[in-house]
There are 2 protein chains.
Amino acid sequence: MRVTIADVARLAGVSKATVSRVLNGRPDVDRATQARIEEIMAETGYVPSSRAVDLARGRTRTLGVLAPTLHTPWMPELLQGVADVVEPSGYGLLLHSAAGGAPALERFAANVRGHAVDGVLAVDPGVALEHLRDLHRDGLPVVVVDTGGSPAPLPSVGADYTDGGRRAAELMLAAGRLRLAMITGPEGDPAGAACAEGFADRLTGTGAVLRASHVTEADGTEQGGYDAVQRLMRARLFFDGLFAHGDPMAAGALRALQEAGRQVPGEVAVVGFGDVPPAAYTLPPLTTVRVPWSDMGAAAARALIGRLRGEPVAEEPMVFETSLVSRGSTPPVGRVPGQRNRRAARTAELPAF
Amino acid sequence: MRVTIADVARLAGVSKATVSRVLNGRPDVDRATQARIEEIMAETGYVPSSRAVDLARGRTRTLGVLAPTLHTPWMPELLQGVADVVEPSGYGLLLHSAAGGAPALERFAANVRGHAVDGVLAVDPGVALEHLRDLHRDGLPVVVVDTGGSPAPLPSVGADYTDGGRRAAELMLAAGRLRLAMITGPEGDPAGAACAEGFADRLTGTGAVLRASHVTEADGTEQGGYDAVQRLMRARLFFDGLFAHGDPMAAGALRALQEAGRQVPGEVAVVGFGDVPPAAYTLPPLTTVRVPWSDMGAAAARALIGRLRGEPVAEEPMVFETSLVSRGSTPPVGRVPGQRNRRAARTAELPAF
DNA sequence: CTGAAAGCGCTTACAG
DNA sequence: CTGAAAGCGCTTACAG
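These figures come from a predicted structure and were not determined experimentally.

**Digging into unusual backbone geometry**
Here Val264 of chain A and Pro265 of chain A are connected by a cis peptide whose omega angle stands at 5 degrees. Counting through the fold element by element, Pro265 of chain A comes out in the loop between α11 (247–259) and β9 (269–274). Residues other than glycine seldom take positive phi values, yet Asp275 of chain B does so here, at roughly 55 degrees. Here Asp275 of chain B shows up in the loop between β9 (269–274) and β10 (287–290). Residue Asp275 of chain B is classed as buried on the basis of its relative accessible area, which comes to 7%.

Written out as structure tokens, the structure reads:
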């Protein structure tokens, strides 16, 4: 708190108001005066106190981000998308992890009510949703990013999970897989349900079948996916295509299949969901339904900032399209609608060795 | 900015000073007065303005976190560690990603100089290091988390990368591997160098050898690791143990080995570094040198907050120990110093199927 | 184009 | 135990 606007004003022989004017780039200042003031600011290394500016202006230029936990596989990508638009816009990013449970939410609420942030971007708010709706009703700009497919009663961005399931089904069909299995979950995840619905829907009327017996739920983890496949195999169920709602579960499924000596994708084609870190590291690399996490984060941030600037925000949720990323866990097939091909070319030209 | 301290004071028939006293839990307030004020605060839903408090107190209770990018594999874990100590301490977390290059750093600097934060926690500051040192010299509390092994001229926390390499070597020895190879990099990464040094050091005087020809550098990515192994194999070099400085590279190595039909861990034992997301998802799951990212983040945060409370901060870097996490990419061997066994038991009792 | 003054909403000695 | 006043460092009408 060294040099203040008062110091600069005194040194320049003007009033604080005039310094404030050049600080804020107002045009109604004499060229010479402005130059002199700027020079003094440079000489003294003056930097306005954001605390004081915030108080005087009644806003903070800071956005609160509420995230359930920071190590969900897709969180880094989403957060980077948010940061990429928030920071260049001159806003700060105040990060709150709700991982601490009720006390953490309490602190978040206190921060918000204390006007530490101008708006809130909430990722999968869960139990905090009700609270956010109240805040929104009371005038706080709020945008939620919904990775769970549960439509929020607030401006929100999400993805078309049903269509994601549909794309997975189309790939199975294109690969000629007729006896399908699916790992859903975690329990109560609406995105999982939407996804499963899309998958099943697209299958009806085709030659392929997805029996209820072949649908099993897991907890979203690698181990969960592993155990799920073990259950299917213990029950002596046959399947030549497996769709897992979540790449970690798909990774676990690959492990179980490999241990059982079942060839992927030869005997079983495996498709995951999310295109998050595990996907590119499995063996074979995982074909998956890509959700544009970073785009979603960026869109939410843009909507929030727009709202702060007084622009209207769409009331209906912004829904992003998913796409298919083809890697090694499904056989190479002709182009499937919405499919992206990654690394396919490069893999094809590998030396036999 | 609805109800202010003045409103509460008026309603309670006291001065703002008295309200401020109960707000800050000072003992020198009449019980009855305090009760009345608290009641009114509750009724009116009064919440102090953090902007005003910050200005009046001359601090923000906010910590700036400067991170190079948010999607480095270990960043989420580190950040969660930071958040887990910062938030319960009542501090906010202002996140800055330096991914935007110079302009991003410029905004960071402006925020800091504008006193938007009370202290800074910088992760691998790189080019910003010099600037941070200046700030630190000028009195700003700074702690750096160094994942690269480059000792910062500032209070810092890091890990013992040399010892990490040593642990990897010990595991190779315990597994009886005598012809070793290593993938280093990315270029110019001091941690990589430290790691390689520890690995080579531990090998000298044993029967095992790591020839210069068997050391190859890659860029840290999965594809980089894949390409590196291809290079080794094209050169017709034999090795029965491979250490990669970085789990993503190790994952790529596994892919290349598998394509070439080389059994892991039977013919080649593979050890990675970091224990970051790819590690648990590869096939076989990756044995790796664990770096305690979350502990490191937490320690840095604690040191910074301690510093803000006036506690002295150690000038020497806080160095964390690494440990070995045994998974499937190395053969089961007797206990190696510093080794943790994960999932080993569970894997062993899998049904043959 | 510029200044004096009030205001943003708290905290903190200083008196009593 | 409590209040009046000054202060934190800006911004913003209001005059001129």
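This is not the end of the story, as more comes after the structure.
**Things to note about the UniProt feature "domain: HTH lacI-type" (unreviewed entry) in chain A**
When the UniProt feature table is mapped to this numbering, "domain: HTH lacI-type" (unreviewed entry) covers residues 3–57 of chain A. Between the C-alpha atoms that bound residues 3–57 of chain A there is a distance of 20 Å. The span itself is 69% helix and 0% strand.

**Observations regarding the packing of helix α1 (residues 5–12) of chain A against helix α3 (residues 31–44) of chain A**
All names here are of chain A. It is the contact of α1 with α3, at a shortest axis distance of 9 Å, that shows an interaxial angle of 125 degrees. In terms of orientation, α1 lies oblique with respect to α3. Relative to α3, α1 is oriented so that their crossing is right-handed. Every residue of α3 that contacts α1 at Val8, Leu11 and Ala12 is listed here: Arg36, Ile37, Ile40, Met41 and Thr44. When grouped by side-chain class, the residues that make up the contact of α1 with α3 number six nonpolar, one polar and one charged.

**So, the nonpolar core**
Formed by 106 residues in total, the largest nonpolar core has its most connected members in Phe243 of chain A together with Phe243 of chain B. Beyond its immediate chain neighbours, meaning those up to four positions away, Phe243 of chain B contacts Gly165, Ala168, Met172, Ala181, Met182, Ile183, Cys195, Phe199, Val271, Gly272, Phe273 and Val289 of chain B. Core analysis: the next-biggest nonpolar cluster, separate from the first, contains 30 residues, Leu94, Val117, Val120 and Ala122 of chain A among them.

**Some points on the environment of Leu154 of chain A**
Residues and elements named next belong to chain A. Within the element layout of this structure, Leu154 appears in the loop between β4 (142–145) and β5 (156–159). The sequence separation of Leu154 and Ala194 amounts to 40 residues, and the corresponding C-alpha distance is 20 Å. In this structure Leu154 touches Leu129, Leu132, Arg133, His136, Val142 and Val144, once residues within four positions along its chain are discounted.

**Remarks on the interface of chain A and chain B**
Each partner contributes residues to the interface: chain A has 64 residues there, and chain B has 63 residues. Both sides of the chain A and chain B interface together cover about 5500 Å² of buried area, and 61% of this is carbon and sulfur. Where chain A packs against chain B, one counts zero salt bridges. In this assembly, chain A and chain B are joined by 18 residue pairs in polar contact (both at pLDDT 80 or more). Grouping the amino acids of the side of chain A that touches chain B by side-chain chemistry returns 32 nonpolar, 19 polar and 13 charged.

**Quick look at the packing of aromatic side chains**
Within a pair of aromatic rings, the relevant descriptors are the distance that separates the centres and the angle that separates the planes. Residue and element names in this part refer to chain A. Per the counting criterion, the structure on display carries eight aromatic pairs over all chains. With centroids separated by 6.3 Å and ring planes inclined at 40 degrees, the aromatic side chains of Tyr161 and Phe273 adopt a geometry described as tilted. Taken together, the residues Tyr161 in helix α8 (residues 161–174) and Phe273 in strand β9 connect sequence positions 112 residues apart. By relative accessible area, Phe273 is classed as buried at 6%. An aromatic cluster of three or more residues is present, and its members are Tyr161, Phe199, Phe243 and Phe273. The ring of Tyr91 carries the charged tip of Arg61 above its face, separated from the ring centre by 4.6 Å. Lying across the ring of Phe239, Arg262 places its NZ or CZ 5.2 Å from the centre.

Reading the values: rules and limits
- Residues numbered from 1 in each chain as written.
- Chains lettered and ligands numbered in written order.
- Predicted model: local features only at pLDDT ≥ 70, side-chain atom pairs only at ≥ 80, totals over all residues.
- Heavy atoms only, no water.
- Helix = DSSP H or I, 4+ residues; strand = E, 2+ residues; numbered from the N terminus.
- Buried < 20%, exposed > 50% of the residue type's maximum accessible area, 1.4 Å probe, protein only.
- UniProt positions renumbered as here; feature names shortened; annotations may be inferred.
- Axes fitted to C-alpha atoms, helices over the stretch in contact; angles between N-to-C directions.
- Parallel < 35°, antiparallel > 145°, perpendicular 65-115°, else oblique.
- Left-handed = near helix turned anticlockwise from the far one by under 90°.
- Contact = heavy atoms within 4.5 Å.
- Nonpolar A, V, L, I, M, F, W, Y, C, P; charged D, E, K, R; others polar.
- Core = buried A, V, L, I, M, F, W, Y, C linked by side-chain atoms within 4.5 Å.
- Buried area = accessible area lost by both parts, 1.4 Å probe.
- Salt bridge = Lys/Arg side-chain N within 4 Å of Asp/Glu carboxyl O.
- Polar contact = N/O pair within 3.5 Å; in protein donor to acceptor, adjacent residues only side chain to side chain.
- Phe/Tyr/Trp six-rings, centres within 6.5 Å; stacked < 30°, edge-to-face > 60°.
- Lys NZ or Arg CZ within 6 Å of the ring centre and 35° of its normal.

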